[in-house]
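A structural walkthrough
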Amino acid sequence: MHATHEANAQLQPTLSIRDLTISFRRDGIWTPAVQQISFNISPGEIVALVGESGSGKSVTALSIAGLLDAKVSRVEGEIFLGGQSLLTLPERRMCELRGNKIAMIFQEPMTSLNPVLTIGRQISEVLVKHRGVSEKEALREAERLLEQVRIPDARSRLTQYPHNFSGGMRQRVMIAMALACRPKLLIADEPTTALDVTVQAQILDLIKDLQADGDMAVLFITHDMGVVAQIADRTVVMYRGDIVEEGATPEIFRAPARPYTRALLSAVPVLGSMADEANPRRYPIVDPVTGNPQPAPPGALTVDTRSEPLLVVKNLTARFDVRTGLFGRLSGRVHAVEDVSFDIKVGETLSLVGESGCGKSTTGRSIMRLIEPTAGEIRLDGQDIGSISGAQLRDHRRNIQMIFQDPFASLNPSMRIGSAIMEPMIIHGRVSRTQAHDRAVDLLEIVGLKRETFNRFPHEFSGGQRQRICIARALALEPKLIVADESVSALDVSIKAQIINLMLELQEKLGLAYLFISHDMAVVERVSHRVAVMYLGEIVEIGPRRAIFSNPRHPYTRKLLSAVPVPDPSVRLKSSPQGVTEFKSPIRSVGYKPPVREYVQVGDEHYVLS
Amino acid sequence: MVGANDHLSVLPVTETGGRRARRTFLRHSGAVVGGSILFIFLTISLLAPLLWTSDPLSVEPMDRLQGMSEKHWFGTDMHGRDLYSRVVYGGRVSLLVGFSVAFLASMIGGLIGLFAGFIRPLDGPLMRVMDGFMSIPPIMLAIALVALTRGSIQNVIIAISIAEIPRVSRLVRGVVLTLREQPYIEAAISMGAGPLRVVFRHILPNAIGPIVVQATFICASAMLAEAALSFIGAGTPPITPSWGNILAEGRMLWQIHPAMVFLPAAALSVTVLAVNMLGDGLSDIFDPRGLGKS
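Fair warning: this is a prediction, and the values are worked out from it, not measured in the lab. (Residues numbered from 1 in each chain as written. Chains lettered and ligands numbered in written order. Predicted model: local features only at pLDDT ≥ 70, side-chain atom pairs only at ≥ 80, totals over all residues.)

Overview of the environment of L148 of chain B
Residues and elements named next belong to chain B.
- Turning to its location among the elements, L148 is positioned in helix α5 (residues 138–148).
- With 8 C-beta atoms packed within 10 Å, L148 lands in the exposed category.
- Each C-alpha atom of the pair L148 and V172 lies 32 Å from the other, and the pair is 24 residues apart in sequence. (Helix = DSSP H or I, 4+ residues; strand = E, 2+ residues; numbered from the N terminus. Buried ≥ 20, exposed ≤ 12 C-beta atoms within 10 Å, placed from the backbone.)

Regarding the pairing of strand β14 (residues 329–344) of chain A
All names here are of chain A.
- Relative to β14, strand β13 (residues 311–324) is paired through eleven bridges, and the arrangement is antiparallel. If you follow L311 over to β14, its bridge partner there is I344.
- Joining the antiparallel neighbours β13 and β14 is a turn of four residues, in which G325 adopts a positive phi near 80°.
- Sheet topology note: the β14/strand β23 (residues 587–588) ladder contains two bridges and is antiparallel. Across the sheet, residue V334 finds its bridge partner in β23, namely I587. (Pairing = 2+ DSSP bridges.)

A word on the interface of chain B and chain A
- With 25 residues of chain B in contact, the opposing surface of chain A contributes 42 residues.
- Within the residue set of the side of chain B that touches chain A, elements represented by two or more residues are α7 (183–190) and α8 (195–231) of chain B.
- At six residues, α7 of chain B tops the list of elements feeding residues into the side of chain B that touches chain A.
- Here the residues of the side of chain B that touches chain A sort into twelve nonpolar, ten polar and three charged. (Contact = placed C-beta atoms within 7 Å. Nonpolar A, V, L, I, M, F, W, Y, C, P; charged D, E, K, R; others polar.)

Remarks on the nonpolar core
- Ranked by size, the top nonpolar core spans 236 residues in total, and within it A48, A176, L219, F220 and L515 of chain A together with V101 of chain B carry the most contacts.
- Among the elements that make up this core, the one with the highest residue count is α8 of chain B (15 residues).
- Two domains each put at least three residues into this core: domain 1 (102–180) and domain 2 (311–562 + 578–609) of chain A.
- Setting aside its immediate chain neighbours within four residues, F220 of chain A contacts I46, V47, A48, A188, I231 and A232 of chain A. (Core = buried A, V, L, I, M, F, W, Y, C linked by C-beta atoms within 7 Å. Domains from an automatic or database assignment.)

Some details on helix α5 (residues 135–148) of chain A
Residues and elements named next belong to chain A.
- Compared with an ideal rise of 1.5 Å per residue, which puts 14 residues at 20 Å, α5 spans 20 Å between its outermost C-alpha atoms and is within 8% of the ideal.
- Of all the residues in α5, the buried ones are A138, L139, A142, E143, L145 and L146. For α5, the angular spread of the buried residues around the axis is 160°, confining them to a single face. Of the exposed residues in α5, those oriented more than 90 degrees away from the buried face are K136 and R144.
- Buried residues in α5 make contact with α4 (119–131), α6 (154–157) and α7 (167–179).
- Once α5 ends, the next one or two residues include R150, with phi positive near 60°. (Expected span 1.5 Å × (residues − 1). Arc of directions from axis to C-beta.)

Overview of the packing of helix α9 (residues 243–250) of chain B against helix α10 (residues 259–285) of chain B
Residue and element names in this part refer to chain B.
- As a packed pair, α9 and α10 sit with axes 8 Å apart at the nearest point and diverge in direction by 155°. Between α9 and α10, the crossing angle belongs to the class labelled roughly antiparallel. Our pair here, α9 against α10, has a crossing hand that is left-handed. Contacts between α9 and α10 involve W243, I246, L247, E249 and G250 from the first element and M260, V261, P264, A265, A267 and L268 from the second.
- Grouping the constituent residues of the contact of α9 with α10 by class yields nine nonpolar, one polar and one charged. (Axes fitted to C-alpha atoms, helices over the stretch in contact; angles between N-to-C directions. Parallel < 35°, antiparallel > 145°, perpendicular 65-115°, else oblique. Left-handed = near helix turned anticlockwise from the far one by under 90°.)

Here it is in structure tokens:
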């Protein structure tokens, strides 16, 4: 592969960016988002543009496609596509290029497809417009494209609508549309971020395969170093609008030259890095100036193994009715959670892992009593909390608190953060107003925020800071258990590491128990004492963290682990020959009786669904 | 990057919400102009007795239908009443009706909307009742009320409010339905907040923006409705100086004495325009993206 790139480098690059500066107008002032960046992409090359949120990577992509709003943005410098300058082109010519020479795929495949048009129509539209073929030919070509992106049964799929496709399939359709006109440049903006890890592996595979066929150049934008290692020939690292480092991917990973790159790489959770650790361990602290890591102290044992478990969940089941038609006839049920049992000890972290739709969030929300479980028993400290209601339930809520996925959305935007942290204490009326105020200030400092921020509003904070506020609020009532539902999934990798370090530190100090719900296997390995793997509403495997990661017994656990991208370019995942796996649905007919499940013990506290 | 001290870095955004709102407001020239005009009109009608007016009801048959003079700045009407005084005092009626209806309709409509949106079982019944109210034309209702009792400002305010309440409640219900799905509502419930706390501490403060904007538009349309009702004789008693009444009396004489139509009409148009401009500006301030239209 490298030989061809050296040959290609002699040729004219497909995309060439020179001294690109992009500024945005906000409140009448022009602020640069990208400053004086330059890079090239040769034909047949995949270049990854990596950086955290706000680094300017997506803005760069939009400026190449000419999709920035001219009223609030200003683009300076030069962008050449195959020798043609793009910034001087009139909008009408740009329009001809987009979808033809330059194709884009986005993060959200659902919102990028028109829900009221058939898939066939949407693909053929591109072909008719840019290649001037007849409708009939276009449909034939659309079928071929769907086959090319490995959608089974392509012919009948053409007449279906986007809602008939799963997330991964929609992204395949988007790729088929992007490839329809054999573009010179494909811009992929976080194309796998919203997808499950097994689907992500398939999509990455597909992009690599398709690209190897022709001389298409790919600009791959991502924040995930694991994905970069899997796909990119060259890597461009951006930080606050600047390119800090650029080079061949193996070199960047082997010997990162700049402190920022080193810091970025060290914060990437690596699967298997915890194999020798008995307890969850904090991430190493990296000095942002020198880039030298300071190893974290080994994790302390926080689990209280002697006393009774804190939380006991027995045979928890949650089903939702699906009603169709004019009169809302019951046509089926979503078996979101089916006969799930587990327990959590004091000071222990149990992780629930699985892909979207597996019922892990529903389990968490049932325990929070935010939704009513259909059946089952939930006991906290011996007290049955599954059946209480009204004032009793409200009073009990102080024992279990929740940290949500989106820290901004889970803070009331019109409430100062100090009041937000004081609110739970005031609701439960255990302390006076001044005491609540003092404790809120203490909590701010415990989670690493300054006391002066007390009177600020949520929008004045960054994502990581907001999650710290949410943690402070959750701690206000001194709960015994915290349900963390994808609490770090939306955060940048460095912030993610900081928040996890904070959560582990609090566990050591306060003896908290966590129910950690996540799809990110590498993070789960870092934080858990025990892990439960969920699939289609059931726990398929549960056991101590080390047992699950070093000796996975259930085929689904193995599949989940093998699909995690490894942040090491020399260990690329082998292409999976099976190609496409369809997502199975937990929707069952009305009379469906779930089979009685048996668990087999395969090790110390390690059980597998037989 | 773990040591990048995310929690210690000072973000560029250090303004408080109030300061940002004030700055957005001041940058919005329409809101400033509208707000100023409204303020001036409000001051004028409040200070009416001090502004060189005479009694707007005193009839001077000798001075009927006079043109502009030093004694009667805008001239007089067919009963010899001072037109300047009547227009200035008329502002009191218009603004009183406008503000009262805006206040009443957004309070009552807002409460109904809040409960319809938050308490699921109440949604259907409340909204069907609102649909019923909406099907009554406000002019018919006003005529009926006046026929039952007699023309008074209270009746006008009640009639217009009844017509406006369903609009507010529909808007608020819609806002509440989207707000109640926000994670911060779930967060409040999960920390043990009761329904009243959720509604008044978490939903209402975030719904206040659309309600205030809607209130300004209601204020403007209520002033117009009052004029229309007075014009057809179903509004305030004819003797009361209101812009609608002056217009109604002037319509027969407009060819020989156009000032009687022109002056109250101009006052009404400018006030309604000012209120609408203010509402437009407020809706930009409450725009969650805070971008403004500039």
